[in-house]
2 protein chains.
Amino acid sequence: MLEAEGVDYVFLPAVEEMYAAGAETIVDVGPITERLEGAHRPGHFRGVATVVLKLFNILMPTRAYFGRKDAQQIVVIRRMVRDLDVDVEIVAVDTVREPDGLALSSRNAYLSPTERQAALCLSSALNLAREMWTRGTRDADYIRRRMLDIIAEEELAKPDYVSIAHPETLEEVERIQGPALVSMAVRIGRTRLIDNVTLGE
Amino acid sequence: MLEAEGVDYVFLPAVEEMYAAGAETIVDVGPITERLEGAHRPGHFRGVATVVLKLFNILMPTRAYFGRKDAQQIVVIRRMVRDLDVDVEIVAVDTVREPDGLALSSRNAYLSPTERQAALCLSSALNLAREMWTRGTRDADYIRRRMLDIIAEEELAKPDYVSIAHPETLEEVERIQGPALVSMAVRIGRTRLIDNVTLGE
């Protein structure tokens, strides 16, 4: 698959190659790792930051590419790179979507046909947020409530969070004044899906 | 001074150059940072590890030199370099001593003539440890007690700790079986001095 895309080399280390016995050093990127996904997955971004820094040190890439669907991951990695003066350019890659709007994810394979249909509430809620913002709405809580209304219409959908936050600090905003990251995590049956869009980029 | 030593370039950044506003990322090297000096200076080695990694990322040195007098600092930095796959060689530089044995330190300037004399108990205790070890003593606690005896003979000296530890894990040993780091911190009046020697290298 990668060869067909013109990839020359792949670095695919085994766990024991990446983590030496007795390795104890961790990288903690601070409060932004405790919000959104971090609030639901304690320690997750500490693991991400540590292994990504190790990969950067091993490979010394000029540029590193990360998908926008994991929006917080990009924010955390950019912050780490800036705070620790890592010499690498972080490139964000746009989310790829199915024709009906569902963001591509390996987890989509777990969805039953009914759940697959219900999963459209994520992109629908994001589209609504974008439309409201385009029409001039800046009251973040009002937009959040309307997004939750759309999700509530799907019986199979249970939201973990719906967030409108500053795109760098990830702090929730009351009024949208500059760019804002609209993100969400929703459980569809047993599958937890995330999606996001940035307004005002 | 550095020019006379053949130094071509010095990187001497101001605090505000090193720490961007809002920087929150820290590097934590784990339990070895909580022992010895770390037990008396909470958070100290987190600061050391973070700024040293930043300096490595900015300067990308082939080799970096650290003085053996800060023995734990070298252990922490070596561990960080190994755990995070940093491409740099850490070189340990031997401690320089006055003719009477006192390890050179900028803090020595704070010592009164009487305190300067009392400060010799550090190197005397280390010399005793080395002699006992050379003569075959391997009971670490017995050596620690004899070292504390020497320090106790100096009225102006108050030990913070006397340690005989594994040179990489910094865990206290009962019997000296391989190399061992003998280290200590002693208050001489208001001045806190540290010194160490490695046995069996």
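Above this text is the structure in question.
Residues numbered from 1 in each chain as written. Chains lettered and ligands numbered in written order. Predicted model: local features only at pLDDT ≥ 70, side-chain atom pairs only at ≥ 80, totals over all residues.

**Concerning the overall build of chain A**
Line of reasoning, step 1. What chain A contains, in helices and strands, is seven helices and six strands.
Line of reasoning, step 2. Ordering the α and β elements of chain A from the N terminus gives α-β-α-α-β-α-β-α-α-α-β-β-β.
Line of reasoning, step 3. Relative to a compact globule of 201 residues, whose C-alpha radius of gyration would be 17 Å, chain A shows 18 Å and is just as compact.
Line of reasoning, step 4. The principal-axis extent of the C-alpha atoms belonging to chain A is close to 50 × 40 × 35 Å. (Helix = DSSP H or I, 4+ residues; strand = E, 2+ residues; numbered from the N terminus. Rg over C-alpha atoms; globule rule 2.2 N^0.38 Å.)

**Describing the interface of chain B and chain A**
Size of an interface: often given as the accessible area lost when the parts come together.
Line of reasoning, step 1. Of the residues lining the interface, 22 residues belong to chain B; the matching set on chain A comes to 22 residues.
Line of reasoning, step 2. At the level of secondary structure, the elements contributing two or more residues to the side of chain B that touches chain A comprise β1 (26-28), α3 (44-59) and α4 (71-83) of chain B.
Line of reasoning, step 3. Here the side of chain B that touches chain A is built from residues that sort into 11 nonpolar, three polar and eight charged.
Line of reasoning, step 4. Pairing geometry for strand β1 (residues 26-28) of chain A and β1 of chain B, over three bridges, is antiparallel. In the sheet register, Val 27 of chain A faces β1 of chain B, and the bridge partner there is Val 27 of chain B. (Contact = placed C-beta atoms within 7 Å. Nonpolar A, V, L, I, M, F, W, Y, C, P; charged D, E, K, R; others polar. Pairing = 2+ DSSP bridges.)

**A short note on the sheet that holds strand β4 (residues 157-165) of chain A**
All names here are of chain A.
Line of reasoning, step 1. Here we have three strands laid out as an open sheet, ordered β4-β5-β6, and antiparallel in their pairing. The two strands at the open ends of the sheet, each matched to only one other strand, are β4 and β6 (191-199). Taken pair by pair, the neighbouring strands of this sheet meet at an average axis angle of 10°, ignoring direction.
Line of reasoning, step 2. Note that strand β5 (residues 180-188) and β6 share nine bridges and pair antiparallel. Directly across from Ser 183, in β6, lies its bridge partner Asn 196. (Axes fitted to C-alpha atoms, helices over the stretch in contact; angles between N-to-C directions.)

**A closer look at the sheet that holds strand β4 (residues 157-165) of chain B**
Within a sheet, adjacent strands bond to each other through the backbone by hydrogen bonds, running parallel or antiparallel.
Residue and element names in this part refer to chain B.
Line of reasoning, step 1. Taken together, the three strands give an open sheet; going across it, the order is β4-β5-β6, and neighbouring strands pair in antiparallel fashion. This sheet does not close on itself; its edge strands, each paired only once, are β4 and β6 (191-199). Geometrically, the sheet is characterised by an average inter-axis angle of 10° between neighbouring strands, direction not taken into account.
Line of reasoning, step 2. Bridge count for β4 against strand β5 (residues 180-188) is eight bridges, and the pairing is antiparallel. Paired with Ala 157 across the strands is Ile 188, a residue of β5.
Line of reasoning, step 3. Relative to the sheet, helix α6 (residues 120-134) contacts β4, β5 and β6, its axis offset from that of β6 by approximately 15°.

**Thoughts on the relation of the copies chain B and chain A**
Line of reasoning, step 1. Superposition of chain B onto chain A requires a rotation of 180° combined with a translation of 0.0 Å along the rotation axis, giving an RMSD of 0.0 Å. With respect to symmetry, the two chain copies, as superposed, fit the operation of a two-fold axis. Measuring from the rotation axis to each C-alpha of chain B, the shortest distance belongs to Val 27 of chain B, at 2.3 Å.
Line of reasoning, step 2. Both copies share a contact surface, since 100% of the interface residues of chain B are interface residues in chain A too. (Least-squares fit on C-alpha atoms with pLDDT ≥ 70 in both.)

Just geometry here; none of it tells us what the structure is for.
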